[in-house]
Amino acid sequence: VESFLGGDLESAFEDLVSSSGRWRVRRRFLELGLERGLVDAERLLEFALRDSDQWIRVRSGRELMGSPSPEVLGALLASPSVDVRRDALVAAPGELLSDEALRALLVDRSPRVREEAVARASKRWSVAETYRAAASSDPTPQVLAACLDGLARVGDATDLDLAIEA
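Residues numbered from 1 in each chain as written. Predicted model: local features only at pLDDT ≥ 70, side-chain atom pairs only at ≥ 80, totals over all residues. Heavy atoms only, no water.

A. Structural view of the overall build of the protein chain. The secondary structure content of the protein chain amounts to 12 helices and zero strands. With 166 residues in all, the protein chain has 42% of them scored as buried. Taking as baseline every contact in the protein chain between residues at least 6 positions apart, the subset at least 24 positions apart corresponds to 53%. Surface accessibility of the protein chain: about 9,300 Å² in total, with carbon and sulfur atoms responsible for 51%. (Helix = DSSP H or I, 4+ residues; strand = E, 2+ residues; numbered from the N terminus. Buried < 20%, exposed > 50% of the residue type's maximum accessible area, 1.4 Å probe, protein only. Contact = heavy atoms within 4.5 Å. Areas by Shrake-Rupley, 256 points an atom, 1.4 Å probe, with all protein chains shown as cover.)

B. Spotlight on unusual backbone geometry. With phi around 55°, Asp138 is a residue other than glycine that occupies positive phi space. With respect to the secondary-structure elements, Asp138 resides in the loop between α10 (127–135) and α11 (141–154).

C. Quick look at the packing of aromatic side chains. For the structure on display, the rule yields zero aromatic pairs. One residue, Arg103, lies across the ring of Trp125, its end atom 4.4 Å from the ring centre. (Phe/Tyr/Trp six-rings, centres within 6.5 Å; stacked < 30°, edge-to-face > 60°. Lys NZ or Arg CZ within 6 Å of the ring centre and 35° of its normal.)

D. Fine view of the packing of helix α8 (residues 99–106) against helix α9 (residues 111–121). Between α8 and α9, the least distance of the axes is 8 Å, while the angle of their chain directions is 140°. Relative to α9, α8 is oriented oblique. The chirality of how α8 crosses α9 is left-handed. Between α8, through Leu102, Leu105 and Leu106, and α9, the contact on the second element is made entirely by Val113, Arg114, Ala117, Val118, Arg120 and Ala121. Classifying every residue of the contact of α8 with α9 gives seven nonpolar, no polar and two charged. (Axes fitted to C-alpha atoms, helices over the stretch in contact; angles between N-to-C directions. Parallel < 35°, antiparallel > 145°, perpendicular 65-115°, else oblique. Left-handed = near helix turned anticlockwise from the far one by under 90°. Nonpolar A, V, L, I, M, F, W, Y, C, P; charged D, E, K, R; others polar.)

E. A look at the environment of Asp156. Within the fold, Asp156 resides in the loop between α11 and α12 (160–165). Judged by its relative accessible area of 43%, Asp156 is partly exposed. Counting along the chain gives 28 residues from Asp156 to Ala128, while the straight-line C-alpha distance between them is 8.5 Å. Separated by 2.3 Å, the side chains of Asp156 and Thr158 make a polar contact. (Polar contact = N/O pair within 3.5 Å; in protein donor to acceptor, adjacent residues only side chain to side chain.)

F. Representation of the pattern of salt bridges within the structure. One pass over the structure, following the stated rule, counts 16 salt bridges. Here Asp51 ties to Arg26 by a salt bridge, and the two come within 2.5 Å at their closest N and O atoms. Placement of Asp51 in the loop between α4 (41–50) and α5 (54–64) and of Arg26 in helix α3 (residues 23–35) is noted, with a sequence separation of 25 residues between them. Grouping residues by exposure puts Asp51 and Arg26 together as buried. We note a salt bridge from Arg59 to Glu63, for which the minimum N-O separation is 2.9 Å. (Salt bridge = Lys/Arg side-chain N within 4 Å of Asp/Glu carboxyl O.)

G. Geometry of the environment of Val82. Secondary-structure assignment places Val82 in helix α7 (residues 82–91). The exposure class of Val82 is partly exposed, given its relative accessible area of 24%. A sequence separation of 30 residues divides Val82 from Arg112, and the C-alpha atoms of the two residues are 8.0 Å apart. If we skip the residues at most four places from it in the chain, Val82 touches Ser110, Arg112 and Val113.

H. Inspection of the nonpolar core at higher detail. By size, the foremost hydrophobic cluster in this structure holds 39 residues, and its most contacted members are Leu76, Leu89, Leu106 and Tyr131. For Leu89, the contacting residues outside a window of four places in its chain are Leu77, Leu97, Leu102, Leu105, Val113, Glu116, Ala117 and Arg120. (Core = buried A, V, L, I, M, F, W, Y, C linked by side-chain atoms within 4.5 Å.)

What follows is the structure, encoded as structure tokens:
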């Protein structure tokens, strides 16, 4: 790739990563851009949140988690990509992961993200109580489904009444 460009990777980087229709070209240019320091955190965050290629979203998110700021972590945890959200949750340092963020992830639309959130939250508080409270507070259908799924995993027999009433 570099020899094709005559060594001018920097000027070609933005166009090829952003607009090439060939996924192999886009991925290779992202890797070269990372190796050469051509991709700043702002651009990586844009790739992680909006790129059409799942591999580029995940790779960019993982690169950002090397030294996340609270703002970057918050954006990655809210990503439309399940893999980016899950990777951010797994890699997040405990001190940057707020209880509020964990509570939101306990009712995430993805079972994989919820499972990881349960593992992280259960070290801090009773996850079953969190699910019970959320299920009893006029939740949306998505939140109720997540709560019932969570209670099926971490709840007990007393939660059957809640499930039947739902």
